[in-house]
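Observations on the three-dimensional arrangement
The residues making up each chain are set out below.
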Amino acid sequence: VLEKLKGLPGATVLRRTHTIVERMRRVRAHYCILTYIRSQMPWHLWLFWSEDRARSWLRSSLPKLFEEAQRVHKISPGDMPAFNAFSERLLTLEALQHLPTYDAEVISEIQTAIEVRVPQIINGVHGVSAGEMARPDHHFQARRSLGLLERLGLTGHSSGGRPAKRRRVA
């Protein structure tokens, strides 16, 4: 993969990197939703396991659980899967009792990959050193370099990383 990336133009590498990061964020969202659903299943469904009762409970509770998982895990709406497609696939799983349990290390690994490993790979592929990235760019008014996630537009702020200050109106 690295050899293929080294032979591509910079814009193509950034576009492919953006796609990879987007997929990783979706994986994180799916994991958080599935673990939240498992954590909210009533104990009697686990004690007296019945696939039919579990599917019935899931079918009736899924819209609420989907929204709660997004709020609890602070998943951005752009990272959330389409509800109809997600619910359709979830209800066709063969064994709902095998949904994953939440593990903070899994989320930490995904975040580390997004925030640290992917930028390291990109910097290695492009041969961009920290010194080159720190040089001010004359195209930007801000006299600081943009990080990879800011360049990809994944920081959530359109102004390049920091939210604009509100002006006091007299």
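Residues numbered from 1 in each chain as written. Predicted model: local features only at pLDDT ≥ 70, side-chain atom pairs only at ≥ 80, totals over all residues. Heavy atoms only, no water.

Looking only at helices and strands, one finds eight helices and zero strands in the protein chain. Ordered by position in the sequence, the α and β elements of the protein chain form the string α-α-α-α-α-α-α-α. Across the 170 residues in the protein chain, those meeting the buried criterion constitute 30%. Contacts spanning at least 24 positions in sequence make up 71% of the contacts within the protein chain whose residues lie at least 6 apart. (Helix = DSSP H or I, 4+ residues; strand = E, 2+ residues; numbered from the N terminus. Buried < 20%, exposed > 50% of the residue type's maximum accessible area, 1.4 Å probe, protein only. Contact = heavy atoms within 4.5 Å.)

This part covers the nonpolar core. With 22 residues, the main nonpolar core has Ile33, Ile37, Leu58, Phe86 and Leu90 as its most contacted residues. Secondary-structure elements contributing two or more residues to this core are α2 (10-40), α4 (51-72) and α5 (83-90). Ile37 has contacts with Trp57, Leu58, Leu62, Leu65, Phe86, Leu90 and Leu99, leaving out every residue within four places of it along the chain. Among the nonpolar cores identified, the runner-up in size contains eight residues, and Val13, Val21, Met24 and Val118 belong to it. (Core = buried A, V, L, I, M, F, W, Y, C linked by side-chain atoms within 4.5 Å.)

Further remarks concern unusual backbone geometry. Of note, the phi angle at Lys74 is positive, near 55 degrees, even though the residue is not glycine. Inspection of the secondary structure puts Lys74 in the loop between α4 and α5. Note on Lys74: relative accessible area 74%, which makes it exposed.

In this structure, Ala54 sits in helix α4. Relative accessible area serves as the criterion here: at 0%, Ala54 is assigned to the buried category. In this structure, the C-alpha to C-alpha distance between Ala54 and Pro42, residues 12 residues apart in sequence, is 9.1 Å.

Before going further, it helps to spend a moment on α5. Within the sequence span of α5, burial applies to Phe86, Ser87 and Leu90. Down the axis of α5, the smallest arc covering the buried residues is 95 degrees, so these residues share one side. Residues of α5 that are exposed and point over 90 degrees away from its buried face: Asn84, Glu88 and Arg89. (Arc of directions from axis to C-beta.)

Overall, the predicted model of the protein chain reaches an average pLDDT of 75, with 65% of residues at or above 70. Confidence, read as mean pLDDT per element, is least for helix α7 (residues 130-134) in the protein chain (36) and greatest for α5 (92). Note on residues 128-145: pLDDT is under 50 here. Beyond four places in sequence and across chains, it has 15 contacts. Here residues 156-164 is modelled with pLDDT under 50, and outside its nearest four sequence neighbours on either side it reaches 10 contacts, counting other chains as well. (pLDDT = per-residue confidence, 0-100.)

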